[in-house]
Protein chains: 2
Amino acid sequence: MKIGVIGGGQLGRMLALAGTPLGMNFAFLDPAPDACAAPLGEHLRADYGDQDHLRQLADEVDLVTFEFESVPAETVAFLSQFVPVYPSAEALRIARDRLFEKSMFRDLGIPTPAFADILSQADLDAAVASIGLPAVLKTRTLGYDGKGQKVLRKPEDVVDTFAELGSVPCLLEGFVPFTGEVSLVAVRARDGETRFYPLVHNTHDSGILRLSVASEAHPLQALAEDYVGRVLQKLDYVGVMAFEFFEVDGGLKANEIAPRVHNSGHWTIEGSECSQFENHLRAVAGLPLGSTAKVGESAMLNFIGEVPAVEKVVAIDDCHLHHYGKAFKVGRKVGHATLRCQDMATLKAKIAEVEALIAG
Amino acid sequence: MKIGVIGGGQLGRMLALAGTPLGMNFAFLDPAPDACAAPLGEHLRADYGDQDHLRQLADEVDLVTFEFESVPAETVAFLSQFVPVYPSAEALRIARDRLFEKSMFRDLGIPTPAFADILSQADLDAAVASIGLPAVLKTRTLGYDGKGQKVLRKPEDVVDTFAELGSVPCLLEGFVPFTGEVSLVAVRARDGETRFYPLVHNTHDSGILRLSVASEAHPLQALAEDYVGRVLQKLDYVGVMAFEFFEVDGGLKANEIAPRVHNSGHWTIEGSECSQFENHLRAVAGLPLGSTAKVGESAMLNFIGEVPAVEKVVAIDDCHLHHYGKAFKVGRKVGHATLRCQDMATLKAKIAEVEALIAG
């Protein structure tokens, strides 16, 4: 079976590493000459709207999946004429736009921060009056890793801010006094079977995920599974989805979904019986799902900008390096380490060791 | 770091799957157009004696390693002029030839079956008279998976047998009434640090490995480590080596070494903290070695000729498929499954499930 992946970054790379042992081959469509998934499959170097190359991809593969949600709707619609695409155009349409996403949460009875659609500075001023400050203004589309958003704390922060974010459609979200950020990675098969990984506690810095710790039995696991299950069913979703929540007052408020394998699920490569990457491929290929049970206690630390010296990373017991083969760039995710330990106490000590390496 | 691999079969494929997350790239030299490692790196399609392509490989990579031991000595010597090769030419020279290998065992005080160098039918007749029957006549070089050998049970079996095996240098080995076949996979770093995986119990059929079960604490582990350690030190070996033994009367007799990652170590991908493939690459690249400790209880079953239906293999809990992407061929190793279970009782039940699929 040959899988087409729109995007050829580290998620595509890890999909290929997981799918090759299943007998799958891969083709990546990515305009970047140095797409880091390219060494593991065929690289169609073209823009995401290039219909000649999209057609070529569709002709070569059995199905198409996506490494990121900001795929142009036209791309998905075009591909869908010729080849199955997972997740569906509808799932991508919703996940791509913060307004559609939040509205779906509300419709499904999933708590969210207060939000308002912002199409002008006047909309913004009215919404701030209604929702209050602090609040966060986010572009409805194309935001990631803290890009395309601004925190509004004081009335002065609101002045001209709509133009500052490019005068594009935005969403204003009321600030949530959260006590933690958690995510649930789930996988849903073509036949509707759904499995959930353990809730992950995430730590961000400057909008970029730094640390994910897979939880032991978490009191909010069942609630999170309920919420995520509603979304998966509503979208008749196929594949892996990650759902990020704020922990607030012992409950959960929905932040956002990612209709793909997700950074907060990278620990599953070593830390679970069947990784999010293999399970995504099993789902889209119509294979039985694999176990989402944990193996030991795990955490994932991102390497941002550069990977520490390889010989130092691999010298740490219980540490598994995932180097993406990307060039140094400030703020770029270039690798991660998974720690898989016998117990939480060891895990905490090992996290400190890797953090010391990152701090350099 | 770019690694050159002589050979592009499943061992090269699994080396690349293990090395890519370490940030390594791969080039494979293999004359086969459909070399199954090719999708994971650069494929130099050329004969192993093709000096133009060997030189190209040497110029492109940081070091060269080997997927099989039957590499022509001239190839290794040629490459060694330009680039580090691991394991060394001397290790390959010994491992390639059953006479050199057995003689080294004897010199190191490692028990072996009785053996004799056979250069003619007269040598064979004399050796049979001395060693007795049953015995096994094996070509000194180029044998694998039961090829290039013949079991001699009755005097009639001896007649003209030297010519039958091609009138090439052979070794006659006395038959060993073994109670089991075990192998020890070891890894030795450039600085001499050595680590051993748990002893593996192997079951062969028609000369081809079918089942490997990683043992719980094995009474012969320490003895096997002693023997293998002697060989590794003697050869100043760098990389992974597998050593196959016969269990005889509660002790061990040396069968053969493989100067490379080995089929009986495939279980380590899921079943140990750091797989034989990653540890081989760590060793040759001068990185610290990884832990050889087990994760759960594991076994490996080979798929010979064809892989059972993928959806059935992955439907078995605790089962991890490794499909080599090779075409069907009688007697060809085309994939394997690793079972990693909580306990030995579960493992035995799961082995039966996979065996039923293979038989099915």
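This one's a predicted model, so the numbers in the text were calculated from it and none came from an experiment. Residue positions are counted from 1 within each chain, in the order its sequence is given. The lettering of chains begins at A and the numbering of ligands begins at 1, in the order of writing. Local features in a predicted model are, by the rule used here, given only for residues with pLDDT of at least 70; side-chain atom pairs are given and counted only at 80 or more, and totals for whole chains, interfaces and linings are based on all residues. By convention in this description, side-chain values take in all heavy atoms of the structure and omit both hydrogens and water.

**Student:** In this structure, what is going on with the relation of the copies chain A and chain B? I would like to understand it.
**Tutor:** Copies of the same chain, two in number, are related to each other by a rotation about an axis and a translation along it. Between the two copies, chain A and chain B, the superposition gives an RMSD of 0.1 Å; the rotation angle is 180° and the shift along the axis is 0.0 Å. Both copies of the chain, as the preceding transformation shows, are related through a two-fold rotation axis. Of the C-alpha atoms belonging to chain A, the one lying closest to the rotation axis is found on L40 of chain A, 2.3 Å away. Any two residues whose heavy atoms approach within 4.5 Å at even a single point are treated as in contact. The residues that chain A uses at the interface reappear at the interface of chain B in 100% of cases, marking a shared surface. A least-squares superposition brings the copies together, and it is based on the C-alpha atoms of residues with pLDDT no lower than 70 in both.

**Student:** Teacher, can you tell me more about the domain arrangement of chain A here?
**Tutor:** A common way to report how large an interface is uses the accessible area buried once the components associate. All names here are of chain A. Reported domain spans reflect what an automatic or database domain assignment gives. Domain annotation for chain A reports domain 1 (2–85), domain 2 (114–174) and domain 3 (180–359). A separation of 23 Å is found between the C-alpha centroids of domain 1 and domain 3. Both faces combined, the contact of domain 1 with domain 3 buries some 1,600 Å², and carbon together with sulfur accounts for 71% of it. Here a salt bridge means any side-chain nitrogen of Lys or Arg lying within 4 Å of a carboxyl oxygen belonging to Asp or Glu. The interface formed by domain 1 and domain 3 holds 1 salt bridge in total. Its salt-bridge partner being R260, residue E69 comes within 2.6 Å of it at the nearest N-O pair. Side-chain atoms alone can form a polar contact between residues adjacent in sequence; in general such a contact is a pair of N or O atoms within 3.5 Å, and within protein one must be able to donate a hydrogen while the other accepts it. Our count for the contact surface shared by domain 1 and domain 3 stands at 5 residue pairs in polar contact (both at pLDDT 80 or more). In this description, buried area is defined as the sum, over both parts, of the accessible area (probe of 1.4 Å) that is lost when the two are combined.

**Student:** Before we go on, may I ask you to explain helix α1 (residues 10–19) of chain B in this structure?
**Tutor:** Think of an α-helix as turning once every 3.6 residues; residues three or four places apart then point the same way. Taking burial as the measure, the 10 residues of α1 of chain B include 10 buried ones, the bulk of the element. Using a 1.4 Å probe on the protein chains alone, a residue whose accessible area is under 20% of its type maximum counts as buried, one over 50% counts as exposed, and one in between counts as partly exposed. What counts as a helix is a DSSP run of H or I of at least four residues, what counts as a strand is a run of E of at least two, and both are numbered from the N terminus. Buried within α1 of chain B we find Q10, L11, G12, R13, M14, L15, A16, L17, A18 and G19 of chain B.

**Student:** I'm lost on the side chain of E273 of chain B in this one. Help?
**Tutor:** Along the chain, the position of E273 of chain B falls in the loop between α10 (268–271) and α11 (276–284). What makes E273 of chain B buried here is its relative accessible area of 16%. When near neighbours in sequence (up to four residues on either side) are disregarded, E273 of chain B contacts H320 and R340 of chain A together with S291, A293 and V295 of chain B.

**Student:** Which parts of the structure should I look at to understand the pattern of salt bridges?
**Tutor:** Where charged atoms from two side chains of opposite charge come close, those side chains can pair. One pass over the structure, following the stated rule, counts 38 salt bridges over all chains. R93 of chain B serves as the salt-bridge partner of E90 of chain B, at 3.0 Å between the closest nitrogen and oxygen. Residue E90 of chain B and its partner R93 of chain B are located together in helix α4 (residues 89–96), separated by 3 residues, close to a single helical turn. Assessed through its relative accessible area of 35%, R93 of chain B is described here as partly exposed. Overlapping salt bridges, with partners in common, bring together K2, E42 and E60 of chain A in one network.

**Student:** What should I look at first to understand the sheet that holds strand β6 (residues 135–139) of chain A in this one?
**Tutor:** In sheet architecture, strand pairing relies on hydrogen bonds along the backbone and comes in two forms, parallel and antiparallel. Residue and element names in this part refer to chain A. Any two strands with at least two DSSP-identified bridges between them are counted as paired. The sheet built from 4 strands is open, its strands ordered β5-β8-β6-β7 with antiparallel pairing. Because the sheet does not close on itself, it has two edges, and the strands there are β5 (115–118) and β7 (149–152). For this sheet, the mean angle separating the axes of adjacent strands, direction not counted, is 20°. In this sheet, strand β8 (residues 170–174) lies alongside β5 in antiparallel orientation, the contact comprising 4 bridges. Residue pairing in the sheet places F115 in a bridge with E173 of β8. Of the strands in this sheet, β5, β6, β7 and β8 are in contact with helix α5 (residues 98–107), which crosses β5 at around 150°. Running over the sheet, helix α6 (residues 121–131) touches β5, β6, β7 and β8 and is turned about 170° from β5. For every element, the axis is a line fit to its C-alpha atoms; helices are fit only across the contacting stretch, and the angle between N-to-C directions ranges from 0 to 180 degrees.

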